[in-house]
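Residue-level listing of the chains:
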Amino acid sequence: MTARRIIGVTGAPGVGKTTYAVGLVAASAVPAAYLPMDGFHLADITLTALGRRDRKGAPDTFDAWGYAALLRRVREERDHVVFAPGFERDLEQPIAGAVAVPPEAELVVTEGNYLLLDDPEWRAVRAQLDEVVFLVTDDDTRIRRLVARHVEFGKTRAEAEEWVARVDEANASLVAATARLADRVVVLPESGRIGKSAAPGSEGV
């Protein structure tokens with residue numbers, strides 16, 4: 001059986017990770033599956049108990065150890081479907097068993113903000129990835145997308161702008177500092193679909 005390859009796609013909030021990752025899966029020459037990190041958001045009830053709900057999306061509002069364990073299962077368990085949690089944006093909550101990685105998938109593309117963060121739990125995530133691609137786009141485009149996303153899912157525009165300034169941009173600064181650890185940096189146009197590679201390995205994934 002061909003060894004399964006796991007590619008991570010990372011970058012600041014709003015950069016276009018989902019669009020890029022889904023595009024990689026669609027363009028793959030081998031059977032491929034998409035596995036987002038968002039399903040490992042801690043539930044709001046847990047965030048409230050921990051006093052972290054007002055900065056949901058920060059690194060410590062995810063079950064990173066669980067994510068690392070799931071990626072290890074995805075790499076090692078090839079004789080059955082591996083189910084993973086997804087994230088329902090209408091509810092803003094993780095949903096168990098919403099994502100399926102079939103046994104025939106030779107490539108798995110996962111995406112999330114903190115794949116290169118230098119903390120033990122995130123290093124455990126990085127250890128399961130064969131390659132990490134870091135996406136970059138201009139900040140005005142990225143922030144505009146973030147505000148629009150928050151408005152779409154229930155915030156007023158003022159609430160969305162406050163959240164982006166206070167929470168998302170703090171997270172973006174953390175993520176930006178990890179770009180040097182990526183295998184490849186890709187600069188995206190506004191469409192978010194394809195971009196110019198700026199690091200070794202630019203022949204593609």
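The residue count restarts for each chain, going from 1 along the sequence in the order it is written. Reporting in this predicted model follows two pLDDT cut-offs: at least 70 for local features of residues, and 80 or more for side-chain atom pairs to be given and counted; totals over whole chains, interfaces and linings ignore these cut-offs and use all residues. Computation of side-chain values covers all heavy atoms of the structure but excludes hydrogens and water.

1. Focus on the overall build of the protein chain
The cut-off we apply is this: Strands are runs of DSSP state E lasting at least 2 residues, helices are runs of H or I lasting at least 4, and numbering of each runs from the N terminus. Atoms considered for the radius of gyration are the C-alpha atoms alone. The globule rule reads 2.2 Å times the number of residues to the power 0.38. Relative accessibility thresholds used throughout: buried, under 20% of the residue-type maximum; exposed, over 50%; partly exposed, between the two (1.4 Å probe, protein chains only). Here, Shrake-Rupley sampling with a 1.4 Å probe gives the accessible areas, and only protein chains in the shown set may cover a residue.
When helices and strands are tallied, the protein chain shows six helices and eight strands. Ordered by position in the sequence, the α and β elements of the protein chain form the string β-α-β-α-α-β-β-β-α-β-α-α-β-β. A globule of 205 residues ought to have a C-alpha radius of gyration of about 17 Å, and the protein chain, at 16 Å, matches this closely. Principal-axis analysis of the C-alpha atoms gives the protein chain an extent of 50 × 40 × 30 Å. Burial analysis of the protein chain (205 residues in total) assigns 45% to the buried set. In the form shown here, the protein chain has an accessible surface area of approximately 9900 Å², with 54% of it arising from carbon and sulfur atoms.

2. Brief notes about the nonpolar core
For the record, the criterion: Among the buried residues, those of types Ala, Val, Leu, Ile, Met, Phe, Trp, Tyr and Cys that are joined through side-chain atoms within 4.5 Å form a nonpolar core. Residues count as neighbours in contact if any of their non-hydrogen atoms are within 4.5 Å of one another.
Residues Leu-35, Tyr-67, Val-74, Trp-122 and Val-125 are the most contacted members of the largest nonpolar core, which totals 31 residues. Going through the elements one at a time, strand S2 (32-36), helix H3 (64-76), strand S3 (82-88), strand S4 (93-101), helix H4 (120-126) and strand S6 (131-136) are the ones with two or more residues in this core. Counting residues per element, this core draws most heavily on H3, which supplies six residues. For Tyr-67, the contacting residues outside a window of four places in its chain are Met-37, Phe-40, Thr-110, Glu-111, Leu-115, Trp-122 and Val-125. Counting residues in hydrophobic clusters, the runner-up holds 13 residues, among them Val-9, Val-15, Tyr-20 and Val-186.

3. Some points on the packing of aromatic side chains
This is how the line gets drawn: Stacked, edge-to-face and tilted labels apply to pairs of Phe, Tyr and Trp rings (six-membered ring for Trp) whose centres lie within 6.5 Å, assigned for plane angles under 30 degrees, over 60, and everything in between, in that order.
Counted by the stated rule, this structure contains four aromatic pairs. Each ring, one from Phe-40 and one from Tyr-67, has its centre 5.4 Å from the other, and the planes form 45 degrees; the classification is tilted. Of the two residues, Phe-40 sits in the loop between S2 and helix H2 (44-50) while Tyr-67 sits in helix H3, which places them 27 residues apart along the sequence. Judged by relative accessible area, which is 9%, Phe-40 ranks as buried.

4. Quick look at the environment of Pro-189
For Pro-189, the position within the fold is in the loop between strand S7 (184-187) and strand S8 (196-197). Pro-189 sits in the partly exposed class, given a relative accessible area of 36%. For Pro-189 and Val-15, which are 174 residues apart along the polypeptide, the C-alpha to C-alpha distance reads 9.9 Å.

5. Describing the pattern of salt bridges
What counts is decided by this rule: Counted as salt bridges are all cases of a side-chain nitrogen of Lys or Arg within 4 Å of a carboxyl oxygen of Asp or Glu.
In this structure the tally under the stated criterion is 14 salt bridges. Note that Asp-60 is salt-bridged to Arg-55, the shortest N-O span being 2.6 Å. Given the relative accessible area of 31%, Arg-55 is considered partly exposed. Across the pair Glu-169 and Arg-142 runs a salt bridge whose closest N-O atoms are separated by 2.8 Å. Taken together, the positions of Glu-169 in helix H6 (residues 157-176) and Arg-142 in helix H5 (residues 139-152) put the pair 27 residues apart, joining distant regions of the chain. Residue class for Glu-169 comes out partly exposed when judged on its relative accessible area of 21%. It is possible to trace a salt-bridge network through shared partners that takes in Arg-5, Glu-131 and Arg-184.

6. A short note on the confidence of the model for the protein chain
We apply this condition: The score called pLDDT rates the predictor's confidence residue by residue, from a low of 0 to a high of 100.
Overall, the prediction assigns the protein chain a mean pLDDT of 89, with 91% of residues at 70 or greater. Below pLDDT 50 for its whole length, residues 191-205 participates in 36 contacts with residues either more than four positions away or in separate chains.

7. Some details on the side chain of Thr-178
As for its position among the elements, Thr-178 is in the loop between H6 and S7. With relative accessibility at 6%, the residue Thr-178 sits in the buried group. Excluding anything up to four places from it in sequence, Thr-178 contacts Leu-116, Leu-117 and Phe-134.

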